[in-house]
Structure formats: C-alpha cells, structure tokens
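So you can see what is in the structure, the chains are spelled out below.
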Amino acid sequence: MELKINIKGKEYIVNVEENGNEVKVIVNGKKHVFNSSTGIEDISFSHSPSNNNHSKEIKASIAGIVSDISVKQGENIKAHQKLLTLSAMKMENEIYSETNGKIKKVLVKVNDKVKEGDILIILE
Amino acid sequence: MKIIEFETISSTNEKAKELAINGTLPWTVIVSEKQEIGHGTKGASWFSPKGGLYFSVILPQNNIHDSQTITILAASIVAKTIKEMFNLEPMIKMPNDVLINGKKFCGILTENIIIGDKLKLSVIGVGIDTNIDEFPEELKNIATSVKIETNKEVNNKLILNKIIEKIKNQFKTL
C-alpha cells in the first residue's frame, strides 16, 4: 500500500508492508520495522532496499513483445526512469525502475517475445 | 465523471498519463477535437483530424490482466454503441480495431505504467472516425468513418457519453 502524505508542504511517500507480526513502514525510502506482537518498542531502522547492493531482476508482468528499450548495459538509472516497453495484445506497457541503480545486464532485444515472469533486465 | 476538453492536443493518451501521474482521479476523460501525434501500438500514427472522436480515460487501480480484458471489451462496446445508434454492422478485428464494411474506423490503445512489478496506472485511448469526410490517399481503401457510412453528421458528445457509461459498467464486472 502506497500513500502520499503532505505535512506543512512537505511530501512524504509512505509504503506499508505487512508480513506476519512484522510491519514495515517505508517513509521516503527509509524503512521502519515494527513488530505488532511487541509493539512500538521493537522499532528498528534500516535503509530501503533501493540503497543496497543486491541485484534486482525486472521481470515481464505479462507475455508480449519488447517494442522499445530505453537503457543500456552499464547505464546509471534513477528511480522512476523508463527502462523498456512491452507490447502485449495491443497494450503498451512502459516499465519503469522502482529504484536508483545501474543496469547490470539487458537480457532482451527489441522484437523479442517474452513470457510472463521472464527476466528482462538485471539491476545492480 | 469529469471530462477535460481540448481543441487540439499531441495525444489524449499522453495527456491522460501525465495527468494520472500528477494525481488526477480515475474516470477522468480527456477528449480532444484533434490530435497532433495520435498514435496506436508501436508508435504507429493515427490520422486524427477535426471531426473525429478522440478520447482517453484514466482507469481505476487494477491489475494488468484486467487492463487487457477492458481493452478487448472496449472494442466490443464501441461496436455495440455504433450499431445501436446508427444501425450499422461493425465488426471487431481482435483485439482492438473496429471495422465497418471491412474498413477500419476505430482503434483502441491501452497504455500501462509499471514501476518495478506493480501496475501504477492505466489509460485507455479510443479513436473513432466519426465525422471524417475523406481520408488521405494511403488510407482511402482501408479506413472509413461513421459519416461516410451513414451520410450524416453524428453527435460526438453523445457517442462519447454512451461509450464511457458502458466502459464503467463493464469495469465493475471485472
């Protein structure tokens, strides 16, 4: 769940993820972890995954044909930058990066057919 | 339902995406009397002079498969609306073109923006050749308009309202 909150003119993007007793609240990329069984005392802070060094795979959300690739290997990218376009049943699906990062590998070419779940791009 | 009207615009889908990104509410409709860079899939151009009906709708939060379904259903909704209003016999060329007497008069293009693996927004664009008197040479044999087929001027606003209402009703069933 993503919320946009404006407090005195400053905008906060808040994401809430729940997994069992653990509740993650990510405010402008900074993660706050709560444990609902122990309450607010169990707060821990950590950086968003966007700032770590793990590889991230960009997968096809739907089967289709790669109609445009906007990035190349080695390129530094910013969050919400367009990576590629996938055409599926006459729908144009523009895929944007969720995070800042670097393109480790582009695994597809324009006009490649891909299946849902296929890895398109790997970020580092 | 809010309708934002333009005399001319580069593309109703581009404007709808821009507005949606900036928080414009779902079911807002962007309609323009003509488009400067009307386009279909893979950037194919769509002849969009004054007289046609060109609009895009910001869809509510959905999933990508619902988005695909509504694209296909929109073609059927356009065909049904034109049949009911003008007693014509439109045919659907799957998944997103509508023809009369073998000639195309409507194209539909849904555009999704996916951030990471989450569908953030969807817009559906519809271009209907309604009051187009004539087409350029290269389109003459493959395109037609409602006016050419009926020999009369049609009411774009009425057609728009009927189609939007049907899309909204259909969306509720997904």
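Throughout what follows, the structure given in this document is the object of discussion. (Residues numbered from 1 in each chain as written. Chains lettered and ligands numbered in written order. Predicted model: local features only at pLDDT ≥ 70, side-chain atom pairs only at ≥ 80, totals over all residues.)

## Concerning the interface of chain A and chain B
- Every contact between the two is made by 16 residues of chain A and, on the other side, 17 residues of chain B.
- Those elements that provide at least two residues to the side of chain A that touches chain B are strand 9 (82-88) and strand 10 (91-96) of chain A.
- Looking at the side of chain A that touches chain B element by element, the count peaks at 6 residues for strand 10 of chain A.
- For the side of chain A that touches chain B, the class distribution of residues is 6 nonpolar, 5 polar and 5 charged.
- Two elements, strand 10 of chain A and strand 6 (residues 103-115) of chain B, share 6 bridges in a ladder whose sense is parallel. Directly across from A:Tyr96, in strand 6 of chain B, lies its bridge partner B:Ile115. (Contact = placed C-beta atoms within 7 Å. Helix = DSSP H or I, 4+ residues; strand = E, 2+ residues; numbered from the N terminus. Nonpolar A, V, L, I, M, F, W, Y, C, P; charged D, E, K, R; others polar. Pairing = 2+ DSSP bridges.)

## Some details on the pairing of strand 3 (residues 53-59) of chain B
All names here are of chain B.
- Burial within strand 3 is extensive, with 7 of its 7 residues counted as buried.
- With burial as the criterion, each face of strand 3 is covered, one bearing Leu53, Phe55, Val57 and Leu59 and the other bearing Tyr54, Ser56 and Ile58.
- Bridge count for strand 2 (residues 29-35) against strand 3 is 4 bridges, and the pairing is antiparallel. Bridge pairing in strand 3 links Ile30 to Ser56.
- Pairing analysis gives 7 bridges linking strand 3 to strand 7 (residues 118-128), with the strands arranged antiparallel. Looking across to strand 7, one finds that Ile58 is bridged to Val123. (Buried ≥ 20, exposed ≤ 12 C-beta atoms within 10 Å, placed from the backbone.)

## Points about the packing of helix 2 (residues 64-86) of chain B against helix 4 (residues 156-172) of chain B
Residue and element names in this part refer to chain B.
- At a minimum axis separation of 10 Å, helix 2 and helix 4 run at an interaxial angle of 140 degrees. The orientation of helix 2 with respect to helix 4, classified from their angle, is oblique. The way helix 2 lies across helix 4 gives a crossing that is right-handed. Here helix 2 contributes Ile70, Leu73, Ala74, Ile77, Val78, Thr81 and Met85 to the contact with helix 4, which in turn contributes Ile159, Lys162, Ile163, Lys166, Ile167, Gln170 and Phe171.
- Among the residues forming the contact of helix 2 with helix 4, the class breakdown is 10 nonpolar, 2 polar and 2 charged. (Axes fitted to C-alpha atoms, helices over the stretch in contact; angles between N-to-C directions. Parallel < 35°, antiparallel > 145°, perpendicular 65-115°, else oblique. Left-handed = near helix turned anticlockwise from the far one by under 90°.)

## A word on the sheet that holds strand 6 (residues 56-59) of chain A
Residues and elements named next belong to chain A.
- Pairing in this open sheet of 4 strands is antiparallel, and the strands run 6-13-11-8 from one edge to the other. Taken across any chain shown, the strands that pair with only one partner, and hence form the sheet edges, are strand 6 and strand 8 (76-77).
- Where strand 8 and strand 11 (residues 101-106) come together, 2 bridges link them in antiparallel fashion. Bridge pairing links Asn76 to Lys102 in strand 11.

## Brief notes about the pairing of strand 6 of chain B
Residues and elements named next belong to chain B.
- With 10 of 13 residues buried, strand 6 lies mostly within the body of the structure.
- The pairing of strand 5 (residues 97-100) with strand 6 spans 4 bridges and is antiparallel. Its bridge partner being in strand 6, Asp97 is matched across the sheet by Gly107.
- Pairing geometry for strand 6 and strand 7, over 10 bridges, is antiparallel. Note on strand 7: the bridge partner recorded for Asn112 is Ser122.
- The turn linking strand 6 back onto strand 7 is made up of 2 residues, and Gly116 within it adopts a positive phi angle of 65 degrees.

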